[in-house]
Amino acid sequence: MEHMLLLFIFFIPILGLSNGTETEQDFTWHLKKIPQIVRERTFSLDSPKFEAKAKLELNSVCGIECQRKLPVPSLSDLKSLLSYETVFENGTRTLTEVNVLGAALDPAANTTTRRPLRKKRQIYGTDSRFSIYDKRFMTNFPFNTAVKISTGCSGILVSPKHVLTAAHCLHNGKDYVKGSKRLRVGLMKTKSRGSGRKRKDGTPSFQWTRVKSTHIPKGWFKGVSGDIALDYDYAVLELKRPHKRKYMELGISPTIKMMPGSMIHFSGFDNDRSGQLVYRFCSISDESNDLFYQYCDAEPGSTGSGIYLRLKEPNKKKWKRKIIAVYSGHQWVDINGEQQDYNVAVRITPLKYAQICFWIHGNDENCTQG
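Being a predicted model, the structure only gives us computed values, none of them experimental.

1. Side note on the layout of surface pockets
Over the atoms, a rolling probe the size of a water molecule traces out where space has been left empty.
Move 1: Here the second largest pocket is characterised by a volume of approximately 400 Å³.
Move 2: For the lining of the second largest pocket, the secondary-structure elements that each account for two or more residues are strand E15 (319-335) and helix H5 (350-361).
Move 3: Among the elements that make up the lining of the second largest pocket, the one with the highest residue count is H5 (4 residues).
Move 4: Broken down by class, the residue content of the lining of the second largest pocket amounts to 10 nonpolar, 6 polar and 5 charged.

2. Here's the deal with the pattern of salt bridges
Move 1: Per the counting criterion, the structure on display carries 8 salt bridges.
Move 2: Between lysine 161 and glutamate 238 there is a salt bridge, with the nearest N and O atoms lying 3.6 Å from each other. You can see lysine 161 sitting in the loop between strand E6 (154-157) and strand E7 (162-165) and its partner glutamate 238 sitting in strand E10 (residues 235-239), a full 77 residues away along the chain.
Move 3: Looking at lysine 161, the relative accessible area reads 24%, which means it is partly exposed.

3. A closer look at the environment of arginine 182
Move 1: Among the secondary structure elements, arginine 182 is positioned in the loop between E7 and strand E8 (184-189).
Move 2: The exposed category is assigned to arginine 182, whose relative accessible area is 58%.
Move 3: Residues arginine 182 and serine 150 lie 32 residues apart in sequence; the distance between their C-alpha atoms is 8.8 Å.
Move 4: Apart from residues lying up to four places away in sequence, arginine 182 is in contact with Ser150 and Arg210.

4. Quick look at the state of the cysteines
In protein structure, a disulfide is the covalent linkage between the sulfur atoms of two cysteines.
Move 1: In total, this model carries 3 disulfides according to the counting rule given.
Move 2: Paired through a disulfide, cysteine 153 and cysteine 169 show a sulfur-sulfur distance of 2.1 Å. The chirality of the disulfide connecting cysteine 153 with cysteine 169 is left-handed, given an S-S dihedral of about -95 degrees. Taken together, the positions of cysteine 153 in the loop between strand E5 (146-149) and E6 and cysteine 169 in the loop between E7 and E8 put the pair 16 residues apart, joining distant regions of the chain.
Move 3: Cysteine 153 sits in the buried class, given a relative accessible area of 1%.
Move 4: The exposure class assigned to cysteine 169 is buried, which follows from its relative accessible area of 1%.
Move 5: What pairs with cysteine 282 in a disulfide is cysteine 296, and their sulfur atoms sit 2.1 Å apart. Here cysteine 282 and cysteine 296 share a disulfide; its torsion about the S-S bond, -95 degrees, makes the bridge left-handed. Taken as a pair, cysteine 282 in strand E12 (residues 277-287) and cysteine 296 in the loop between strand E13 (291-294) and strand E14 (306-312) lie far apart in primary sequence, 14 residues in all.
Move 6: You can call cysteine 296 buried: its relative accessible area is 1%.

5. Some thoughts on the pairing of E6
Move 1: By the alternation rule, side chains of E6 split into Ser154 and Ile156 and Gly155 and Leu157, which are all buried.
Move 2: In this structure, E5 lies alongside E6, joined through 3 bridges in antiparallel fashion. Bridge pairing in E6 places valine 147 opposite glycine 155.
Move 3: Linkage of E5 to E6, two consecutive antiparallel strands, is achieved through a turn of 4 residues, within which glycine 152 is found at a positive phi near 110 degrees.
Move 4: The pairing of E6 with E7 spans 2 bridges and is classified as antiparallel. Note on E7: the bridge partner recorded for leucine 157 is valine 163.

6. So, the packing of aromatic side chains
Move 1: Scanning all chains against the criterion turns up 11 aromatic pairs.
Move 2: With 5.2 Å between their ring centres and 75 degrees between their planes, phenylalanine 206 and phenylalanine 269 make a pair best called edge-to-face. Of this pair, phenylalanine 206 sits in strand E9 (residues 205-217) while phenylalanine 269 sits in the loop between strand E11 (263-268) and E12, and the two are 63 residues apart along the sequence.
Move 3: Overall, phenylalanine 206 belongs to the buried group, its relative accessible area being 14%.
Move 4: Three or more aromatic residues joined by ring pairs form one cluster here, namely Tyr84, Tyr232, Tyr234, Phe358 and Trp359.
Move 5: Sitting over the ring of tryptophan 208, arginine 184 keeps its end group 4.7 Å from the ring centre.
Move 6: Looking at lysine 246, its charged tip hangs above the ring of phenylalanine 141, at a distance of 4.3 Å from the centre.

What counts and how
- Residues numbered from 1 in each chain as written.
- Predicted model: local features only at pLDDT ≥ 70, side-chain atom pairs only at ≥ 80, totals over all residues.
- Heavy atoms only, no water.
- 1 Å grid on protein atoms, 1.4 Å probe; cavity = no way out; pocket = protein on both sides within 12 Å on 5 of 7 lines; lining within 4 Å.
- Points joined across faces, edges and corners; volume = space filled by probe spheres on them.
- Helix = DSSP H or I, 4+ residues; strand = E, 2+ residues; numbered from the N terminus.
- Nonpolar A, V, L, I, M, F, W, Y, C, P; charged D, E, K, R; others polar.
- Salt bridge = Lys/Arg side-chain N within 4 Å of Asp/Glu carboxyl O.
- Buried < 20%, exposed > 50% of the residue type's maximum accessible area, 1.4 Å probe, protein only.
- Contact = heavy atoms within 4.5 Å.
- Disulfide = S-S within 2.5 Å.
- Pairing = 2+ DSSP bridges.
- Phe/Tyr/Trp six-rings, centres within 6.5 Å; stacked < 30°, edge-to-face > 60°.
- Lys NZ or Arg CZ within 6 Å of the ring centre and 35° of its normal.

Right under this line is the structure:
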């Protein structure tokens, strides 16, 4: 099974070259100019109550079909949606208003590129997930970038001090969830606590680190539609202490046709496989500017995982993995007035890249291209 897994991980890019019209050179990380997120003012808010119940499945959210009916956000909308709340470990909270410079407002932003027959449910037929037991995989890139969030979700390391996850793991749209005031992040290790001996069963233990602050975009609290918008279901956690592990870089999500085999990958901590790191890959079924629907087998607990691709670096023969979306989970979306369930991911667009990069670096000097 391990040899099969290695083949999938390292040779998936080649599988995408199945028709004669595509070449390896098509699957490249193309550098794009990134809009600027500029901090305008920050002011204090009342401390949150931290009383909301964590809800990993959402109802009546605006999915791809719903997005088609929405107006394109204006510059004023974007400034409001990309303003953000920061909650600190002592329970205090601030709101930062931002300006957006150099954003291209795309009139076709909410259209989709293809709509094949969809499948439903979290597990599709035969369960295609892989539990990672071998410490050679578990503690090395890319699997070592997966982390566990103390509210019951997963996340991914995006810098020596930052974790990317889903906003609804911390906030239900009205209040911060119970446990998020003393939020912790679990980084995998293979040594048992106290004994110093490595675990024989391949199940990871965790080194838990306190979170210093969290950033959530205001769009998560109220989207353009007036409700919670899945488009903004992402958050960044700043750790109290830096780690020394290899992390995964951010990338801008390409369209389906620019992905080898239309495949995506992610690892997380599914609740039905307690204590195990679970890896999966699958194809994307539909896309809008901000969302993917995909067929990856996943259970609660994997929500917040970083979805990544492996593409060629510009002008190089080397392939590189980058995060291109956040797994929002198994969600109930509104389709023509009816609720249907899909596995949803939030794409990293140039604007989201700019915001997440700004949260990581504290300025936009390192965020001009992505």
